[in-house]
Amino acid sequence: HEHEEVRDFLDCVKILKPTAIIGVSTVAKMFNKGVVEEMCKLNNRPIIFPLSNPTSKAECTAEEAFTWTKGKVLFASGSPFDPVTVDGKLHVPGQGNNAYIFPGVGLGAVVAGLKHITDDMLRISARALADMASEEDLASSCLYPALSRIREVSINIATQIAEEGHKEGLAARQVTQSDIEAAMYPNSSISTFSYKQGMGAALLRDPLLNRGLCFSAQDRIDFGLEGFLPPACFTSDQECKRMKALLSVCPTDLDKYIFLMDLQDRDNILFYQLISANIDNMMPWIYTPTVGEACQKYGQIIRQPKGMYISIKSRGSVKQIIDNWPGDNVDVVVLTDGERILGLGDLGVYGMGIPVGKLNLYTACGGIHPDRCIPLTIDVGTNTQSLIDDEFYTGLKQARVRGGEYDAFCEEVLMGLVERFPGVMIQFEDFGNTTAFDLLNRYRTKICTFNDDIQGTAAVSLAGIFSAVRVKGTHFKDELFLFGGAGEAGTGIADLIVAQLVAEGMSKEDAQKKCWLFDSKGLVVKSRLAQLQHHKIPFAHEHEEVRDFLDCVKILKPTAIIGVSTVAKMFNKGVVEEMCKLNNRPIIFPLSNPTSKAECTAEEAFTWTKGKVLFASGSPFDPVTVDGKLHVPGQGNNAYIFPGVGLGAVVAGLKHITDDMLRISARALADMASEEDLASSCLYPALSRIREVSINIATQIAEEGHKEGLAARQVTRSDIEEYMYQPSR
């Protein structure tokens, strides 16, 4: 327009005296206090619309506009702002969100078949939107209807622009509001998607086949993917690097877990490439300790269900449910009923995170193809009242079923799996103590099965003891073990120690006397026999009752204490220092998970023993420096054992998994700890070598299975390596 030049926005306001200022500049604070107050001088109800996005670019905030005008402003913004209170009145700032307009315009255009969208249609859309702002909206200072009414807004806009299009002769068909409502998803049952035409899009939705940006230019032509992906073609190394960069900005370990599970849901190959190449860094995110928190929040964080759930309400039809699994070739099933998830207790169906995590490690560490694995949770209820009371809990809201009904259900599930998938290995995971032992004892000679909590923990602990004895230069038979905790993990370790001592020539009775248990009531002794669970009885020795763990250490003078109690700080400073008085190189294994349940930390153990401790833990700990020496604490992670055991069992077609196989697995693992590992205080080989560990274990238990007459086929190391899944793009 004709006017002298003006360089300052405030001067423009003073000269032109506008009734409204509209910000579309992306210049933050353009509507400063001077500008807003000048607008208020000029107008009783100034119109001020700072529409720039994002919030950091807004010309002013809602709080500034309402405060500086003392609540008189008529305000709309491009970004959302919280309500503002001025002189006791609450003002709800309206957001001029384009989502009020374009969905309705598009809906009307599509249903009416409009040839063009005219300016008159846009004016009509604006009027339709404004007319839906109620007197209550306006009284609260909001110039738009509530966003919760946006589908109603869209229907009104669509109806009115369809009518306008008919008037202007631009509509292919005359439609009513009812026609528009009937066409809206999810009301409409009409789908125009053709799988033949959309094969490329379907491929991108299949996590086992999707390769994302790693599809080559030729792949994109061959599979009809052109147009569905950005033009760049990445190598797998580039994609892994990109994923690591995205992981690095996830603020918490749980966020990293969620990110990785989402990646698995869309691109299996990239997921396994990433974790296989970075297993030492990423294992704590996909399994312990992070999986514990993930299970506690499983109902909140899981977007895509994984594996299978079978409820006890389905008794009698379990076989039909198992038949729903899409593939016929399944090698490994990890099964839980969620009763004892790590050290966290009964989490019901939220325990599914454990089978999912275990099978991720079977693939990453043991090379079992992800398509040949089933994570399976059986739901028999939960005894955790907070879950039953939670309206969003996804499992059965009832107390756990026990006894004969439970046993019959488990039988139906296990026999159904074996019938559907001949030769499958079934791993029991995180069952309650009594149930775990009962299931293992009942089925270990009937099917190929394995309990990681009892047997895997035992084997990895035995491997750590082998390494500790190697460092000490002593004999295994000279060690005396005191267990803090007497559940399935503790007695499982004790049983395998006994098996090893018997294999070395000691009588079973004498071997059992090398292991002492301490439970919640104190030292496990014969005078308590009537009250003991059956798995503790072999280790109830003649002794007076002792209630305090430190007193037990002083009296029994163990060379090793092994923590499987889930009682944090059970190995306190007094206990650790007493162990150091009794032993030049005390063996201290706080194995409880997650980290918050560990009997002591690595820093405590190394510091209190001045670096003398022979240490292994269930959770990962950072290196510790004592008197200038760096100590790298070894993690007694079951992932060193179960992937190799499963791999050997599957490739050799083992009928059963025996204690001798577990002892052999422990020895194979211990033998891979190098002199450099031991010199750094680590009793295990580096996690980065875990696939090599799995191959060694698998080879040796396959050989043992052949010797015991339990292998369906004789296999070599080469056969095992050839079987292993290698994620490649």
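Residues numbered from 1 in each chain as written. Predicted model: local features only at pLDDT ≥ 70, side-chain atom pairs only at ≥ 80, totals over all residues. Heavy atoms only, no water.

Here strand β16 (residues 587-590) shows a buried face lined by Ile587 and Phe589 and a second buried face lined by Ile588 and Pro590. Pairing analysis gives four bridges linking strand β15 (residues 560-563) to β16, with the strands arranged parallel. Following the sheet pairing, Ile561 is matched in β16 by Ile588. In this fold, the crossover linking β15 to β16 by way of helix α26 (residues 573-582) has right-handed handedness. The handedness of the β16 to strand β17 (residues 614-617) crossover, carried by helix α27 (residues 602-608), is right-handed. (Buried < 20%, exposed > 50% of the residue type's maximum accessible area, 1.4 Å probe, protein only. Helix = DSSP H or I, 4+ residues; strand = E, 2+ residues; numbered from the N terminus. Pairing = 2+ DSSP bridges. Right-handed = clockwise from strand over helix to strand, strands pointing away.)

Of note, Ile269 is situated in helix α13 (residues 268-277). Residues Ile269 and Arg45, 224 residues apart in the sequence, show an inter-C-alpha distance of 60 Å.

Quick look at unusual backbone geometry now. Cis geometry marks the peptide bond from Asn53 to Pro54, where omega comes out at -5°. Examined against the element boundaries, Pro54 turns out to sit in the loop between β2 (47-50) and α3 (62-68). Cis geometry marks the peptide bond from Asn593 to Pro594, where omega comes out at -10°. A positive phi angle is found at Lys557, which is not glycine, with a value near 55°. Inspection of the secondary structure assignment puts Lys557 in the loop between α25 (549-556) and β15. Backbone geometry at Thr566 places phi at a positive 60°, although glycine is not the residue there.

This part takes up the pattern of salt bridges. Considering all chains together, one arrives at 39 salt bridges under this definition. In this structure, Glu5 and Arg7 form a salt bridge, with 3.1 Å as the shortest nitrogen-oxygen distance. Side by side, Glu5 and Arg7 carry an identical accessibility label, which is exposed. Ionic contacts of the salt-bridge type, sharing partners, join the residues Lys319, Asp323, Asp328 and Arg420 into one network. (Salt bridge = Lys/Arg side-chain N within 4 Å of Asp/Glu carboxyl O.)

Within the element layout of this structure, Lys256 appears in helix α12 (residues 253-266). The side chain of Lys256 sits in the buried core without any salt bridge; Asp253 is the nearest counter-charge, 4.5 Å away. Look past the residues within four positions of Lys256 in its chain and what remains in contact with it is Leu247, Cys250 and Trp285. (Lys, Arg positive; Asp, Glu negative; His and termini not counted. Contact = heavy atoms within 4.5 Å.)

Grouped together as the largest cluster of nonpolar side chains are 123 residues, with contacts concentrated most on Phe483 and Ile497. No other element matches helix α22 (residues 452-472), which puts nine residues into this core. Beyond its immediate stretch of four places on either side in the chain, Phe483 contacts Gly490, Ile493, Ala494, Ile497, Cys515, Trp516, Leu517, Phe518, Phe549, Ile562 and Val564. (Core = buried A, V, L, I, M, F, W, Y, C linked by side-chain atoms within 4.5 Å.)

Another aspect to go through is the environment of His369. Inspection of the secondary structure puts His369 in the loop between α18 (353-366) and β9 (373-379). On the basis of relative accessibility, which here comes to 29%, the residue His369 falls in the partly exposed class. Counting along the chain gives 41 residues from His369 to Asp328, while the straight-line C-alpha distance between them is 13 Å. The contact partners of His369, leaving out residues within four places of it in the chain, are Thr363, Tyr723 and Tyr725. At a separation of 2.9 Å, a polar atom in the side chain of His369 contacts the main-chain amide nitrogen of Asp371. (Polar contact = N/O pair within 3.5 Å; in protein donor to acceptor, adjacent residues only side chain to side chain.)

Here seven strands make up an open sheet; going across it, the order is β14-β13-β12-β15-β16-β17-β20 and the pairing mixed. Edge strands, defined here as strands with exactly one partner in the open sheet, are β14 (522-523) and β20 (634-635). For strand β12 (residues 481-484) and strand β13 (residues 515-519), the ladder comprises four bridges, and the chain directions are parallel. Counted as the bridge partner of Phe481 is Cys515 from β13. On the sheet, helix α23 (residues 488-503) packs against β12, β13 and β15 and is oriented at approximately 165° with respect to β12. Contacting β12, β13, β14 and β15, α25 runs over the sheet at an angle of about 175° to β12. (Axes fitted to C-alpha atoms, helices over the stretch in contact; angles between N-to-C directions.)

This brings us to the pairing of strand β3 (residues 74-77). Sheet analysis places β2 next to β3, joined by two bridges and oriented parallel. The partner of Ile47 across the bridge, within β3, is Leu74. Handedness of the β2-α3-β3 crossover: right-handed. Pairing of β3 with strand β6 (residues 94-95) involves two bridges; the strand directions are parallel. Paired with Ser77 across the bridge in β6 is Gln95.

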